Structures are given as C-alpha cells and as structure tokens.
Amino acid sequence: MIALRRFPREEWEGVLRSYGCEPLEGVGPLNTAEWWRFPWEPHVPFTVPVDEDGYADPWGFQRLLSDMARLAPKGWEPPDL
C-alpha cells in the first residue's frame, strides 16, 4: 500500500511566512483552501489548498512555490531555508 504524505500546517505555514507571505485578512472562508498574499507589492492574493485538518498536499504546495518564483518581481530571491 502507498501512504500519502500530508504536509502539516506548521511546515507549510512556516515556509510561506519565511518567504514574507501572510494570511489575507478580510476575505471569507473557503471550504478547501486558505487565502494568503504574496510579500511584494501589489499584495496579490493566492490560495493554499488544505484539507479540514489544515494539511496541504506536498505536490500542490511545490507547484505553489514554483508559481511564486515565476510571478516574483525581478531580483526577488526567496530566503535560504
């Protein structure tokens, strides 16, 4: 049997916060995701797909980080983790 890895909140949230991302305030809740915002201006919102326990899919989170690097302004570099 193959065990599916779940990415715990403390791990994925820690990565996003270390990149300068923050939860997006003032928006309604979603059933299967959370609103966050990128660290650069303008603070573009994005969603992090999570399950009811706050776990994220590691492959989906990896795609999110890839998109973040692609959308970042010229010269932006993520911190060394």
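Residues numbered from 1 in each chain as written. Predicted model: local features only at pLDDT ≥ 70, side-chain atom pairs only at ≥ 80, totals over all residues. Heavy atoms only, no water.

Novice: Whenever I open this one, the overall build of the protein chain confuses me. Can you help?
Specialist: On a plain count of helices and strands, the protein chain comes out with 2 helices and 3 strands. Counting helices and strands in the order they occur from the N terminus, the protein chain gives α-β-β-β-α. A principal-axis box enclosing the C-alpha atoms of the protein chain has dimensions of 45 × 30 × 20 Å. The burial tally for the protein chain puts 30% of its 81 residues in the buried class. Accessible area for the protein chain stands at about 5,800 Å²; split by element, carbon and sulfur atoms hold 55% of it. Where the 8 positive side-chain charges of the protein chain centre and where its 14 negative ones centre are 5 Å apart. (Helix = DSSP H or I, 4+ residues; strand = E, 2+ residues; numbered from the N terminus. Buried < 20%, exposed > 50% of the residue type's maximum accessible area, 1.4 Å probe, protein only. Areas by Shrake-Rupley, 256 points an atom, 1.4 Å probe, with all protein chains shown as cover. Lys, Arg positive; Asp, Glu negative; His and termini not counted. Charge placed at Lys NZ, Arg CZ, Asp CG, Glu CD.)

Novice: What should I look at first to understand the sheet that holds strand β2 (residues 33–37) in this one?
Specialist: As summarised here, the arrangement of the 3 strands in space is β1-β2-β3, forming an open sheet in which the pairing is antiparallel. Only two strands of the sheet have a single partner each, and these edge strands are β1 (22–23) and β3 (45–49). Packing against the sheet, helix α1 (residues 9–18) makes contact with β1, β2 and β3, and its axis sits at approximately 20 degrees to β2. (Pairing = 2+ DSSP bridges. Contact = heavy atoms within 4.5 Å. Axes fitted to C-alpha atoms, helices over the stretch in contact; angles between N-to-C directions.)

Novice: Even after reading the chapter, I still don't get the pattern of salt bridges, so can you show me in this structure?
Specialist: When the charged atoms of two side chains lie near each other, side chains of opposite charge can form a pair. For the structure shown, the criterion picks out 7 salt bridges. In this structure, the salt-bridge partner of Arg6 is Asp51, at a minimum N-O distance of 2.8 Å. Taken together, the positions of Arg6 in the segment before α1 and Asp51 in the loop between β3 and α2 (58–71) put the pair 45 residues apart, joining distant regions of the chain. Relative accessible area serves as the criterion here: at 27%, Asp51 is assigned to the partly exposed category. Its salt-bridge partner being Asp67, residue Arg70 comes within 3.5 Å of it at the nearest N-O pair. On the criterion of helical spacing, the pair formed by Arg70 and Asp67 is a turn pair, its members being 3 residues apart in helix α2. Through salt bridges that share partners, Arg9, Glu13, Arg17 and Glu34 make up one connected network. (Salt bridge = Lys/Arg side-chain N within 4 Å of Asp/Glu carboxyl O.)

Novice: I would appreciate a short explanation of α2 in the present structure.
Specialist: One full turn of an α-helix is made of 3.6 residues, so residues set three or four places apart face in the same direction. In this model, α2 (14 residues) spans 20 Å end to end at C-alpha, consistent with the 20 Å of a helix rising 1.5 Å per residue. Along its buried surface, α2 packs onto α1 and β3. (Expected span 1.5 Å × (residues − 1).)

Everything listed here is a matter of coordinates, which is why it stays silent on function.
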